[in-house]
Amino acid sequence: MGVSAWFRSALPGFRWHGVEERPYKEEGSAPFKDISRQVLFEDPALNCQLRYFEMKPGGYSTLERHEHVHGVVILRGHGECMVGGEVRQVKPHDLVHIPPMTWHQFRAAPGEAMGFLCMVNMARDKGQLPDAAQLKALRSDPRVAAFLSGKRSQG
Ligand code: MN
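Please read these numbers as outputs of a predicted model, since none were measured by experiment. (Residues numbered from 1 in each chain as written. Predicted model: local features only at pLDDT ≥ 70, side-chain atom pairs only at ≥ 80, totals over all residues. Heavy atoms only, no water.)

## A few points about the coordination of the manganese ion
Thought 1: Protein coordination at the manganese ion comes from Glu 64 (OE), His 66 (NE2), His 70 (NE2) and His 104 (NE2), with a distance range of 2.0 to 2.3 Å.
Thought 2: Along the chain, the residues that donate to the manganese ion are spaced as E-x1-H-x3-H-x33-H. You'll find His 66 and His 70 in the same group, each marked buried. (Donors = N, O, S within 2.8 Å, 3.2 Å for Na, K, Ca; no water. Buried < 20%, exposed > 50% of the residue type's maximum accessible area, 1.4 Å probe, protein only.)

If you want it as C-alpha cells, here you go:
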C-alpha cells in the first residue's frame, strides 16, 4: 500500500502517493510562472504546513513579502533566489530562511526544473506585492535588477 493514515510513499518525479498537485496560487492573484504546489504535511498540532513547490525551467515564484516566515530546503535542480535584496544561486540541499517582511522570489534555471520544500505556519497573512516605488528601490541594485528581469547572474 502506498498510502495509509501515517505513510505516503514517494512516486517518481517528486510526487507522493495520495498527494494532489495543486496550482501555486489563485490564477491572476499575483505574478508567477510555471510553478506547482503539493501540501505534504499539515497538522494543527504543529501549526505548520510542509509544501513542495516545483518550477519548470525558467519558472518563478511570486515576488512578495509577508509577516510569516519560510524555511526552505532545495530538493532538486538549480536556480536563484533573492531574499531581502541579496541574490544567490541555489542547489539541492541548500537551506533558505526567509524572515518576516522580507522581499523574496525563487527562479528556476532556464534549462532545469527546480523544486523545494517550504515550511510555513498554517495560519498566516497574505503576501504583499511590491508597489512601483518598492520595485524601483529593489532594481537600484544591478544584480537584483538582472534577477527580477530573469537574466541569470554569474557566480
Ligand atoms: Mn512567500
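That was the structure; now back to the text.
## Structural notes on the environment of Leu 11
Thought 1: Relative to the elements of secondary structure, Leu 11 occurs in strand 1 (residues 10-11).
Thought 2: Separated by 118 residues in the primary sequence, Leu 11 and Leu 129 have C-alpha atoms spaced 35 Å apart.
Thought 3: Non-local contacts of Leu 11, meaning those with residues more than four positions away in its chain, are made with Trp 16 and His 17. (Helix = DSSP H or I, 4+ residues; strand = E, 2+ residues; numbered from the N terminus. Contact = heavy atoms within 4.5 Å.)

## Notes on the packing of aromatic side chains
Thought 1: In total, this model carries 7 aromatic pairs according to the counting rule given.
Thought 2: Relative to Tyr 52, the ring of Trp 16 lies with its centre 5.4 Å away and its plane at 70 degrees, an arrangement referred to as edge-to-face. Of the two residues, Trp 16 sits in strand 2 (residues 15-16) while Tyr 52 sits in strand 5 (residues 48-60), which places them 36 residues apart along the sequence.
Thought 3: For Trp 16, a relative accessible area of 19% puts it in the buried group.
Thought 4: Given the relative accessible area of 1%, Tyr 52 is considered buried. (Phe/Tyr/Trp six-rings, centres within 6.5 Å; stacked < 30°, edge-to-face > 60°.)

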